[in-house]
Amino acid sequence: MAVRIAIPNETSGERRVAVTPQVVRRLLGSGHHVVVESGTGDAVGFTDGEYAEAGAEVTSDLYQGADLVLVVGPPMPDRAARIPEGAALVGFLDPFAATELIGTLVARRVTAFAMEAVPRTTLAQAMDAQSSQASAAGYQAVLLAATMSPRIFPMLITAAGTIPPVKLLVLGAGVAGLQAIATARRLGAVVSAYDIRPQVREQIESLGARFIAAPVDESAASASGYAKELADETQRRQQAALTESVAAADVIITTAQVPGGPAPMLISREMVEKMRPGSVIVDVAAATGGNCELTRAGGDIVHRGVRVMGPTDLAGSVAIDASEMYARNLDAFVGHISDGDGNLSFDFDDVIVSDACITHNGRVMHPVTRRALNLEAPE
Ligand SMILES: NC(=O)c1ccc[n+]([C@@H]2O[C@H](COP(=O)([O-])OP(=O)(O)OC[C@H]3O[C@@H](n4cnc5c(N)ncnc54)[C@H](O)[C@@H]3O)[C@@H](O)[C@H]2O)c1
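Considerations on the nonpolar core
In this structure, Leu-168, Ile-181 and Ile-253 are the most contacted members of the largest nonpolar core, which totals 120 residues. Considering each element in turn, this core owes the most residues, 10 residues, to helix α5 (residues 129-148). In this structure, this core is formed jointly by two domains, domain 1 (4-127 + 319-372) and domain 2 (136-312), each of which donates at least three residues.

Here it is, written out as structure tokens:
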């Protein structure tokens with residue numbers, strides 16, 4: 001028996017696809033059957049013909065008999081309602097916000113796994129879609145800034161004089177921030193970077209950027225090594241210490257996030273007002289509230305000559321490669337929940353399965369989602 005894997009069209013302007021033709025071949029090689037909804041790859045440039053050539057069945061009657069549905073973003077509830085009862089769903093499901101979707105998945109006894117809940121461990125590295133998409137976003141953020149900045153990034157020595165390199169500041173040096181540093185360095189910018197976790201200094205310096213130390217005396221990382229939310233007073237001291245670096249920067253890329261919480265506010269309106277007109281801020285954390293007080297998610301504003309951009313679709317702007325990486329992450333996850341004999345198998349003693357599972361058998365399993373939805377403590 002083969003697992004019947006369905007790939008529906010994405011909704012709400014998503015350009016990425018959950019499975020590329022290349023990954024269709026991998027899934028078939030693992031003994032699965034892949035069904036792709038007609039038009040799935042249109043936005044990114046994969047044709048129905050390419051999917052068919054890779055061995056997928058291309059159809060408009062997608063859900064019939066599906067065991068597993070793979071998506072990029074959360075399906076609209078009316079589409080989720082068509083997932084066969086008892087089937088599985090895997091993708092970025094935004095479980096804390098998608099109340100209606102979770103209700104539908106519970107009602108249909110769907111086993112749903114959220115890629116944003118896959119643990120960030122070495123064991124789960126091949127399935128770490130947060131990292132692969134953050135990498136694409138960090139790269140694209142710098143290209144967007146370079147396009148929107150009225151300045152040339154590298155130093156130019158010309159007969160008309162010397163143009164100094166752009167001064168670029170990165171706030172938050174996780175996966176996206178480190179990729180932003182590397183990309184900005186390749187473009188010839190002079191880069192400095194700040195992160196609350198002192199252990200990233202070495203990574204920042206090895207990429208040729210200057211590390212700005214955090215003025216934070218409390219332990220900034222939680223036991224798991226992730227950043228945690230700071231007390232208001234600490235956050236204010238952090239802003240004060242960053243004011244000078246922010247004012248000196250021509251371009252700022254902000255990527256600071258706290259898992260499960262709102263993004264930390266690092267750049268106040270007053271700090272923006274101290275920047276030179278013509279400077280650009282690209283706030284990669286816009287979707288979780290942003291690191292700059294003036295950021296509007298999905299927006300692009302100019303305040304006293306400083307452009308503040310809050311793109312929420314950076315990975316989607318490089319949709320082919322972002323899809324390729326995401327599809328490989330999904331392939332690895334599918335391998336993890338398959339028994340090799342063509343069946344799905346969920347081992348809830350396995351930390352990857354238990355952490356990532358949002359709903360199963362008519363229940364919300366994920367403790368943080370239960371709290372977000374005001375459900376009682378996990379059974
Ligand atoms: N396989 C693995 O083991 C693996 C893979 C990926 C990431 N990780 C780890 O996961 C952690 C998070 O990575 P991420 O890229 O998803 O991070 P993230 O997107 O959650 O946050 C981005 C960065 O913002 C920083 N930050 C948070 N609050 C801040 C503040 N107030 N000021 C300045 N910076 C602040 C964080 O320290 C982090 O480096 C890191 O420790 C990373 O090394 C591990």
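Structure's up, so let's keep going.
Quick notes on the domain arrangement of the protein
Along its sequence, the protein is organised into domain 1 (4-127 + 319-372) and domain 2 (136-312). The C-alpha centroid of domain 2 is placed 33 Å from the C-alpha centroid of domain 1.

Some points on unusual backbone geometry
In this model, Asp-94 sits at a positive phi of 45 degrees, which is unusual for a non-glycine residue. Of note, Asp-94 is situated in the loop between β5 (88-91) and α4 (99-107). A residue is classified by how many C-beta atoms lie within 10 Å of it, and Asp-94, with 14 of them, is partly exposed. Of note, the phi angle at Arg-304 is positive, near 45 degrees, even though the residue is not glycine. Secondary-structure assignment places Arg-304 in the loop between β14 (300-303) and β15 (306-309). With 12 C-beta atoms packed within 10 Å, Arg-304 lands in the exposed category.

Thresholds, definitions, all that
Residues numbered from 1 in each chain as written. Predicted model: local features only at pLDDT ≥ 70, side-chain atom pairs only at ≥ 80, totals over all residues. Core = buried A, V, L, I, M, F, W, Y, C linked by C-beta atoms within 7 Å. Buried ≥ 20, exposed ≤ 12 C-beta atoms within 10 Å, placed from the backbone. Helix = DSSP H or I, 4+ residues; strand = E, 2+ residues; numbered from the N terminus. Domains from an automatic or database assignment.

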